[in-house]
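An overview of the molecular structure
Spelled out from the first residue to the last, the chains are:
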Amino acid sequence: MATPAIVGLGLTPMSLQPGGHAARLASEAITLALADAGLDRSDVDGLLVGSSQGVRPDRVGIQLARSDGFGDLRLLEHVEIKGATAVAMVQRAVLAIRARMATTVVCVFGDAPIQPGGSAGSTYAHSGGNEGLRGLERASGLLGSVSTYALMAARYLAVTGSGEDDLCAVARTARQWAMGNPEAVFRSRLSDDDYFAARVIATPLRVVDCARPVNGGAAVVVSSRRPQGAAHPPVHVRGMAQWHPMRRRRAGAESWFGGDAGTALDAALAQAGRTRADLDVLELYDPFSITTLCLLEDYRLVGPGTAGKVVRSGATGPGGEVPVNTGGGHLAAFYLQGMTPLAEGIIQVRGAGGDRQVPGVSTALVTGLGGRIDHHAVLILDREASPDG
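Residues numbered from 1 in each chain as written. Predicted model: local features only at pLDDT ≥ 70, side-chain atom pairs only at ≥ 80, totals over all residues. Heavy atoms only, no water.

Side note on the overall build of the protein chain
Helix and strand counts for the protein chain stand at 13 helices and 11 strands. Scored against the burial criterion, the 389 residues of the protein chain give a buried share of 58%. A separation threshold of at least 6 residues defines the contact pool for the protein chain, and within that pool the share at least 24 residues apart is 75%. Approximately 15,200 Å² of the protein chain is accessible, and the part contributed by carbon and sulfur atoms is 52%. (Helix = DSSP H or I, 4+ residues; strand = E, 2+ residues; numbered from the N terminus. Buried < 20%, exposed > 50% of the residue type's maximum accessible area, 1.4 Å probe, protein only. Contact = heavy atoms within 4.5 Å. Areas by Shrake-Rupley, 256 points an atom, 1.4 Å probe, with all protein chains shown as cover.)

Structural data, given as structure tokens:
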């Protein structure tokens, strides 16, 4: 039996217009992914479903298997690790196929936060519950993620001596990449003047520092089969790992970053037989510009306190030595949670990135991030299968 690999990818059009239904978008993404793989629903014996956090009437769940016309399945789960879910689904699919629990597993995510009479921001602000620490935060006016990540940004800038120009460089670089991505919702150039003129949401974060939610769906097919009708060669999962630092956010320890997330990357690279120097592209989960800076350092991809300088140098942008979020990421392309970096990693390893394709990509890092840098899931994608299968 062949080793499990990613053989199909499906992305719906990404819409900024109100309307649509998450399950319908998920179904469309599945159809596109299976067509890309040269398969159909009758070939699938596993379905893993991810959905946007928060209890919402249209949240996609395991009922999708019945409503979307699948037959009997050997594997069916709703996976939930917040923004780390997409990567975790692929990890789960690979392990299931290796254990012969399934042969072809679809991993899918669909979301429609933009609805008539509301905004994506208002939708996400209501997620997360009101109990415990979250209830205290809400009583203090910390609604949604923007304000809490703004605290993280303020803390990072103070600790490292960085400035808002570093945040600007991240947002500007994301736009540079998005200009080569026809699926991106923001494809216009962002100048420094544009950045500093943008509306402040929660100091120091401006609207252009924040991910852009869309109504859309994405699906990935992981299989041990090698269909003759596949549009692309398989993308191999050479390494994978997770890390969940149990920070208590109290005096005496850093509450926001520096959680030794490099541990996950170390483990994944060791499994893959690769090093950081072998990573051709870095697809990082970037719900806010500050997370790009934090993760570059937390994963030990750059030195402590140097991420801003690295980004400002142009190293992470088109033509740079450390290409980061090559499709524009969550900031400029679209926010489908962890499916955004996963899809771009697959596209780059396939060599299918068009105007944004990084030459000679063989190995890609894809990361998922949950909570406030609380949950990490890592994949090492490669053109070549591991020698030991």
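Things to note about the nonpolar core
The biggest cluster of nonpolar side chains holds 101 residues, and the ones touching the most others in it are I290 and L381. Among the elements that line this core, the one with the most residues is helix α3 (residues 85-98), at 9 residues. Listed in part, the 20 residues of the second largest apolar core include V7, A26, L39 and V60. (Core = buried A, V, L, I, M, F, W, Y, C linked by side-chain atoms within 4.5 Å.)

Looking at the pairing of strand β11 (residues 375-382)
Within β11, 7 of the 8 residues are buried, which leaves the element mostly enclosed by the surrounding structure. Across 7 bridges, strand β8 (residues 235-243) lies against β11 in antiparallel orientation. Opposite A241, over in β11, you have V378 as the bridge partner. Hairpin connection from strand β10 (residues 363-370) to β11: 4 residues lie between these consecutive antiparallel strands, with G371 at a positive phi of about 65 degrees. (Pairing = 2+ DSSP bridges.)

What to know about the sheet that holds strand β2 (residues 46-51)
Ordered in space as β3-β2-β4-β7-β1-β8-β11-β10-β9, the 9 strands form an open sheet in which the pairing is mixed. Strand pairing shows two members of the sheet lacking a second neighbour, β3 (75-78) and β9 (281-283), which therefore form its edges. Sheet twist, expressed as the average angle between the axes of neighbouring strands with direction ignored, equals 25 degrees. Packed onto the sheet, helix α9 (residues 262-272) meets β8, β10 and β11 and runs at close to 145 degrees relative to β8. (Axes fitted to C-alpha atoms, helices over the stretch in contact; angles between N-to-C directions.)

Some words on the confidence of the model for the protein chain
On average, the protein chain scores 92 in pLDDT, and the residues at 70 or more come to 89%. Mean pLDDT across the elements of the protein chain bottoms out in helix α4 (residues 120-125) (55) and peaks in β9 (99). (pLDDT = per-residue confidence, 0-100.)

A short note on the pattern of salt bridges
Using the criterion set out here, one finds 15 salt bridges in the structure. Ionic pairing is found between R59 and E80, a salt bridge with its closest N-O pair at 2.4 Å. With R59 in the loop between β2 and α2 (64-67) and E80 in the loop between β3 and α3, the pair connects residues that are 21 residues apart, well separated along the chain. When its relative accessible area of 26% is taken as the criterion, R59 is described as partly exposed. When its relative accessible area of 37% is taken as the criterion, E80 is described as partly exposed. R312 is the partner of D165 in a salt bridge, and the nearest nitrogen-oxygen pair spans 3.8 Å. Placement of D165 in helix α7 (residues 164-178) and of R312 in helix α11 (residues 307-312) is noted, with a sequence separation of 147 residues between them. On the basis of relative accessible area, D165 is assigned to the partly exposed category, the value being 37%. Using a relative accessible area of 42% as the deciding quantity, one classes R312 as partly exposed. (Salt bridge = Lys/Arg side-chain N within 4 Å of Asp/Glu carboxyl O.)

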